[in-house]
Amino acid sequence: MNFIAIFTFLALSLKALFARTLMIGDIELTGYAAEVSLLLLIILGLSLFRGRARTILMFGLKLLLSFIFLSAIMYFDFYNSIITYKSLGQAGQIGEVRDAVTALLHWKYLLFFADFVLYPFLSRSSFKFSLTKTAMALILVPAAVFIGIGAYNASQTFSETSQYNQIGLLGYQLVAGISGLNAAQLAEDGITPELIEEKRPSALKETISYTGAAKDKHLIILQLESVQSFLLNQKINGVEVTPNLNKFLAESFYFPHFYTQVGKGNTSDAEFITNTSLYALGDVPMSSVVTGKQIRSFPALLGENGYHTATFHANAVSFWNRQDMYETLGFDEYYDKKYFGTQDVVSYGTSDEVFYQKSLDKLVEFDGRGSRFYANLIALSSHFPFDLPEEKKALATDLPDEYNGSIVGSYIEAVSYADYAFGKLLEGLKEQGLYEKTVIAVYGDHQGLQTKNEADQKLVENLFGREYHSVLDHLNVPLAIRVPGLEDGQTVKITGGLVDIYPTLANLLGLDLNKEIVFGTDLLNAKQNRIGIRFYAPTGTYVNNKYAFAPGETKGSGQITNIDSRNRTAADDAAIQKLEKIMEFMSLSDEYVKSLE
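Rules behind the numbers
Residues numbered from 1 in each chain as written. Predicted model: local features only at pLDDT ≥ 70, side-chain atom pairs only at ≥ 80, totals over all residues. Heavy atoms only, no water. Helix = DSSP H or I, 4+ residues; strand = E, 2+ residues; numbered from the N terminus. Rg over C-alpha atoms; globule rule 2.2 N^0.38 Å. Buried < 20%, exposed > 50% of the residue type's maximum accessible area, 1.4 Å probe, protein only. Contact = heavy atoms within 4.5 Å. Lys, Arg positive; Asp, Glu negative; His and termini not counted. Charge placed at Lys NZ, Arg CZ, Asp CG, Glu CD. Pairing = 2+ DSSP bridges. Axes fitted to C-alpha atoms, helices over the stretch in contact; angles between N-to-C directions. Salt bridge = Lys/Arg side-chain N within 4 Å of Asp/Glu carboxyl O. Parallel < 35°, antiparallel > 145°, perpendicular 65-115°, else oblique. Left-handed = near helix turned anticlockwise from the far one by under 90°. Nonpolar A, V, L, I, M, F, W, Y, C, P; charged D, E, K, R; others polar.

Engineer: Outline the overall build of the protein chain, listing residues and values.
Structural biologist: Secondary structure summary: the protein chain contains 20 helices and 21 strands in total. Radius of gyration (C-alpha) of the protein chain: 26 Å, near the 25 Å computed for a compact globule of 597 residues. Looking at the protein chain as a whole, 57% of its 597 residues are labelled buried. Partitioning the contacts of the protein chain with sequence separation of at least 6, the portion at a separation of at least 24 is 77%. Averaged over its 50 positive side-chain charges, the protein chain has a centre that lies 6 Å from the centre of its 65 negative ones.

Engineer: Can you lay out the sheet that holds strand S21 (residues 568-570) for me, pointing to particular residues and giving the numbers?
Structural biologist: The sheet built from five strands is open, its strands ordered S17-S18-S19-S20-S21 with antiparallel pairing. Each of the sheet's edge strands pairs with one partner strand only, and the pair in question is strand S17 (530-533) and S21. Ignoring strand direction, the axes of neighbouring strands in this sheet form an average angle of 20°. Bridge analysis of S17 against strand S18 (residues 541-544) gives four bridges, and the strand direction is antiparallel. Bridged to Gly532 within S18 is Tyr542. Sitting on the sheet, helix H20 (residues 573-595) touches S17, S18, strand S19 (547-551) and strand S20 (558-562), and the angle it makes with S17 is about 70°.

Engineer: An account of the pattern of salt bridges is requested, with residue identities and associated values reported.
Structural biologist: This structure, assessed with the given rule, holds 24 salt bridges. Two residues, Asp115 and Lys62, come together in a salt bridge whose shortest N-O distance is 2.2 Å. Placement of the pair is Asp115 in the loop between helix H4 (98-104) and helix H5 (119-122) and Lys62 in helix H3 (residues 51-79), with a sequence separation of 53 residues. Accessibility expressed as a relative area gives 11% for Asp115, which makes it buried. The class for Lys62 is buried, based on a relative accessible area of 0%. Notably, a salt bridge pairs Glu365 with Lys362, separated by 3.4 Å at the nearest N-O pair. With Glu365 and Lys362 both in helix H15 (residues 352-368), this residue pair falls three residues apart, about one helical turn. For Lys362, a relative accessible area of 15% corresponds to the buried category. What you see here is one network of salt bridges that share partners, running through Glu251, Glu436, Arg482 and Glu487.

Engineer: A description of the packing of helix H2 (residues 29-46) against H3 should follow, citing residues and the corresponding values.
Structural biologist: The contact between H2 and H3 brings their axes to 10 Å, and the two run at 150°. It follows from the interaxial angle that H2 and H3 lie roughly antiparallel. The hand of the H2/H3 crossing is right-handed. In this structure, H2 contributes Glu35, Leu39, Ile42, Ile43 and Leu46 to the contact, and H3 contributes Arg54, Leu57, Met58, Leu61, Leu65 and Phe69. Here the residues of the contact of H2 with H3 sort into nine nonpolar, no polar and two charged.

Engineer: Pulling in residues and values, what's your account of the environment of Arg20?
Structural biologist: By the secondary structure assignment, Arg20 is in helix H1 (residues 3-23). Filtering out sequence-adjacent residues up to four positions away, Arg20 remains in contact with Gly25, Ile27, Glu28, Gly31, Tyr32, Glu35, Tyr164, Asn165, Ile167 and Gly168.

Written out as structure tokens, the structure is:
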């Protein structure tokens, strides 16, 4: 080994420690030893090369891993998940969301590259030494032991964060790869509606209500960008943040315990889950997973029952491969940036105001044909990093001075503007005579609030009056369904997730799902329900009617947080059994997705 190899090992070891500190804070010493041991083996392997080739390889390794560590931190900041090699497939999307990427940068990340200024001087060093067989054994044997312990510990937990803590970033890639292979091998047996019903972790009421209550009505499913539930019915300085949504809730079925379940595909995953009632795989966008596949879906079922189906999104349809996903989902047509244009741009497309008006023009056209329609509207203006033009801020709620310059303040303004535009959509539907002819389901696709610094954390705690929970608050998004003729307004406290939207609406429309592959539950008729969450929370996270479960360091441990009191306790045997059942249920969904042809 020469001095370059030693320096590369020390530098990468420190960078690995720095990345761990920034991402998870708590350092598992045996896990860090496993990560350092794997780095050591790689560097020893490269040391077999001689001369300039070795120097170039060491430099390339350090540069590559420096970028990987940086990417992992930024990825964790945004997704609260550990990056995998599968994310390389979406690298081409970075240009589309460069504003969001830039917003995640921090000056301290430059430390990952500070050591490179020394490289020109170090490369001139002639210092080198040879390892005897005994010395090599004293290095390799402990390294292998640490790696083995780390791999074993990683296999004993569902949580990706815990797996990373036990084996390191590079080792985690191996764990993720092996897990993917094992899952793929399980997809040989057929997944049937009967099997799903047998394994379903929910139960319906003895008497089913509302079947066909919205039969022959048009359907609009509106997906709000990054809108979380805590701003609904929230007042700041005595002024409502979302007055239009609040009015809508008052004449709708409102589900306050509703949670996002998206994976890496974010908004496109929300579209997929809502229209299929299948779980997202998590670490890969579902739009790329189902490209070219045949799948039963809500749009396909509605089409078979006489509906014209269309989906609307102001961004380019190529983003997240939506053009392929929409074909797979069976939509009759889609409208994207080519239709909406670049007028009045906010975030990554035309403003919600323009988006709703142009969408409404098409809905009026559909209605004029005399047939029923299903329109999937994907709003966009409240997208991270929540940078509203000044003229749009004027349409949002006024905030106190303490919110100035904060991410929390920008987020609230963006959601408030989204609410303003939503109010304009409702006005337009009423003016065109569509409001009383249409079932309208409104939900948030995923979380949006970022609390990465103390000032923002304090603002959030002041809003809540308590600690902000990573699942029960952060992943809690609204769902409200308005059915003409049932406008009294009801708060339905059953726990639910994106996977439940399809079956809930299908029953209202009088559609039979007995022969369909559906993993969700009709929330208007459920007496108990349990939903699995992964990616933005560790795999193994679930929420039922009483509590949220967070997986522990082993598969037999965890913590539960009571929904009402927010008291936290260690998980008992009953909670662990529920964990096993929801993991089995989600694996059935994964098997079905992987078996699609």
